[in-house]
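Residue-level structural notes
So you can see what is in the structure, the chains are spelled out below.
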Amino acid sequence: MAKIIRPLRARKPSVRPAPKKPVKKAAAKSLPGRTAKKSPKAKPWTAAEVHEAFSRFRNANPEPKGELEHLNPYTLLVAVVLSAQATDAGVNRATRALFMVADTPQKMLALGEERLRDTIKTIGLYRNKAKNVIALSEKLIAEFGGEVPRSRAEIETLPGAGRKTANVVLNMAFGEHTMAVDTHVFRVGNRTGLAPGTTPLEVELGLEKVIPSEFMLHAHHWLILHGRYTCLARKPRCALCLINDLCRWPEKTI
């Protein structure tokens, strides 16, 4: 009988997994166009440069004035409290009528919170601000004889008043050499390299450290006005800037 020969099944070759290639660590050098290199720390201003900058501010505007309208220390305090997250122009429109009838804590309490709300309702957060104004007026009468206190610590105990409010009142009402840091001063201090800081307090202390005493009475007004009208947040007007040759900002538009 003939032998039947069956075809052998082809065996699949055993495939060994390719050895894993070692994962290369990302190169320290960033890809061009992807990640910007960290900017080197700006060289601090020299004392001579700071003096020159503020001399220019003084020559251009010898007696700068705050733009919040007020009649006395009390109305200044109220105006600053109302100006939180609001423009000075908007506050002035509301307080012109208010201060005609309530320019003391006693008159403000006689006006009452409801009528106060109606008078300042064009200002943002007016309900909470009206409560604060009434409460601070009560505290001024009860604890300070109806007068605005002349220390930062005491002003900061008043409802709605923080460090910036205290610094503005002490400077404008009592001539103290304080530095009120708002968004404009914070931007100018950081952008120019004059007093870099991550918080308003850091910028405040940095400015107080570098600005000569002869300029401190008006320094915060010069910086506020500079930030409001020249060193703008989005489109700074570097070509018109009095201190553009001293400024450390690497993105100057000149």
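Here the residue index of a chain counts from 1 through its sequence in written order. Where local features are concerned, this predicted model is filtered to residues with pLDDT of at least 70; where side-chain atom pairs are given and counted, the filter is 80 or more; whole-chain, interface and lining totals use all residues. Hydrogens are left out, water is left out, and the side-chain values use all remaining heavy atoms of the structure.

1. Quick notes on helix α10 (residues 200–210)
The test is simple: Residue burial is assigned from relative accessible area. The probe radius is 1.4 Å, only protein chains are included, and a residue is buried under 20% of its type maximum, exposed over 50%, and partly exposed in between. Elements are defined by DSSP. Helices are runs of H or I of four residues or more, strands are runs of E of two residues or more, and each kind is numbered from the N terminus. The arc under discussion is defined with respect to the helix axis, by the directions toward the C-beta atoms. We call two residues in contact when some of their heavy atoms are within 4.5 Å.
Taken residue by residue, α10 has Val203, Glu204, Gly206 and Leu207 as its buried positions. Burial along α10 is one-sided: seen end-on, the buried residues are contained in an arc of 165 degrees. Where α10 is buried, its residues meet α7 (152–155), α8 (163–174), α9 (183–191) and α11 (216–229).

2. A closer look at empty space enclosed by the protein
To keep things clear, this is the line we draw: Definitions used throughout: a 1 Å grid over protein atoms alone; a cavity as a set of points that fits a 1.4 Å probe which cannot get out; a pocket as an open set with protein on both sides within 12 Å along at least five of seven lines; a lining residue as one with an atom within 4 Å of a point. Grid points are joined across faces, edges and corners, and a volume is the space filled by probe spheres set on the points. Think of it as three bins: nonpolar holds Ala, Val, Leu, Ile, Met, Phe, Trp, Tyr, Cys and Pro, charged holds Asp, Glu, Lys and Arg, and polar takes everything else, Gly as well.
The final tally for this structure, using the stated rule, is one cavity of 30 Å³ or more. Taken as a whole, the largest cavity encloses approximately 90 Å³ of empty space. Lining the largest cavity we find 14 residues, and of these Cys231, Pro236, Cys238, Cys241 and Cys247 sit closest to its centre. Of the residues assigned to the lining of the largest cavity, the class counts are seven nonpolar, four polar and three charged.

3. As for the side chain of Thr192
The residue Thr192 is located in the loop between α9 and α10 in this model. The class for Thr192 is buried, based on a relative accessible area of 2%. Thr192 has contacts with Trp45, Ile243, Cys247, Arg248 and Trp249, leaving out every residue within four places of it along the chain.

4. Here's the deal with the layout of surface pockets
By volume, the largest pocket is sized at about 560 Å³. For the largest pocket, the lining is made up of 31 residues, of which Asp88, Lys164, Asp182, Ile224 and Arg228 are closest to its centre. Broken down by secondary-structure element, the contributors of at least two residues to the lining of the largest pocket are α3 (88–101), α8, α9, α10 and α11. Partitioning the lining of the largest pocket into residue classes produces 14 nonpolar, nine polar and eight charged. Here the second largest pocket defines a volume of roughly 420 Å³. The set of elements that each furnish at least two residues to the lining of the second largest pocket consists of α9 and α10. For the lining of the second largest pocket, the per-class residue count stands at 11 nonpolar, four polar and five charged.

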